[in-house]
Amino acid sequence: MDTRMTKLEDILGSPIILSRDKQTRIYGLNSKGREIDISAYTESESRKGYFHKVEIEYLPGSLHLVNGNCTCESFHYFGMPCKHMLKVRNVYIKNKKKLD
Ligand SMILES: [Zn+2]
């Protein structure tokens, strides 16, 4: 599994959703039945300017992550939803209304 981080300048395109603190950038939103696939980058807290790639499957209306993947060490080690996945979910929830 890939635990490398991505530099901001290596992320192509402009985000669909950019969090107010600019640390979380959502690039892909795909509905899949009732679920939504979200792909995003979120900035590392320890290494500024470097981003983890985060993919989550989220069930709107619940707070549950159906599935997910993140390039951070924590997810790699524990295999449990990490803070980056939760951050991406929260940014999506916060900004969802603006997209509708
Ligand atoms: Zn993570």
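Treat the numbers as computed from the prediction; the structure is a model and nothing was measured. (Residues numbered from 1 in each chain as written. Predicted model: local features only at pLDDT ≥ 70, side-chain atom pairs only at ≥ 80, totals over all residues.)

Asks: Provide a residue-level description of the overall build of the chain, including the pertinent values.
Replies: In terms of regular secondary structure, the chain is built from two helices and six strands. Expressed as lengths along the three principal axes of its C-alpha atoms, the size of the chain is roughly 35 × 30 × 20 Å. A total of 100 residues make up the chain; the buried ones form 26% of that total. Long-range pairs, those at least 24 residues apart, make up 42% of the contacts in the chain between residues at least 6 apart in sequence. (Helix = DSSP H or I, 4+ residues; strand = E, 2+ residues; numbered from the N terminus. Buried ≥ 20, exposed ≤ 12 C-beta atoms within 10 Å, placed from the backbone. Contact = placed C-beta atoms within 7 Å.)

Asks: Can you tell me about unusual backbone geometry, naming the residues and giving the values?
Replies: Backbone geometry at Lys22 places phi at a positive 65°, although glycine is not the residue there. Relative to the helices and strands, Lys22 resides in the loop between strand 2 (17-18) and strand 3 (24-32).

Asks: Help me get a handle on the pairing of strand 3, residues and values and all.
Replies: Here strand 2 pairs with strand 3 via two bridges, running antiparallel. Among the inter-strand pairings, Ile17 is bridged to a residue of strand 3, identified as Ile26. Between strand 2 and strand 3, which pair antiparallel one after the other, the connecting turn spans five residues, and Lys22 there sits at a positive phi close to 65°. (Pairing = 2+ DSSP bridges.)

Asks: How would you sum up the pairing of strand 4 (residues 35-43)? Please name residues and give values.
Replies: Where strand 3 lies against strand 4, eight bridges are found, and the strand directions are antiparallel. By the bridge assignment for strand 4, Arg25 is matched with Tyr41. Hairpin remark: strand 3 followed by strand 4, antiparallel, with two residues in the connecting loop; positive phi at Gly33, about 65°. Connecting strand 4 to the antiparallel partner strand 5 (residues 50-58) that follows it, the hairpin turn spans six residues, and Gly49 within it adopts a positive phi of roughly 85°.

Asks: Explain helix 2 (residues 83-99) residue by residue, including any values.
Replies: Its 17 residues place the ends of helix 2 24 Å apart at the C-alpha level, agreeing with the 24 Å of an ideal helix rising 1.5 Å per residue. At Ile93, helix 2 shows its maximal bend, which comes to roughly 35°. All of the buried residues along helix 2 are His84, Met85, Lys87, Val88, Arg89, Val91 and Tyr92. As for helix 2, its buried residues are in contact with strand 2, strand 3, strand 4, strand 5 and strand 6 (65-70). (Expected span 1.5 Å × (residues − 1). Bend = angle between axes of the 7 residues up to and from the residue.)

Asks: Outline the nonpolar core, supporting the account with residue identities and numerical values.
Replies: With 15 residues, the main nonpolar core has Ile38, Val54 and Val88 as its most contacted residues. Looking at this core, the elements that each hand over two or more residues are strand 4, strand 5 and helix 2. Not counting residues within four places of it along the chain, the set of residues in contact with Val88 comprises Thr24, Ile26, Ile38, Ala40, Thr42, Val54 and Ile56. (Core = buried A, V, L, I, M, F, W, Y, C linked by C-beta atoms within 7 Å.)

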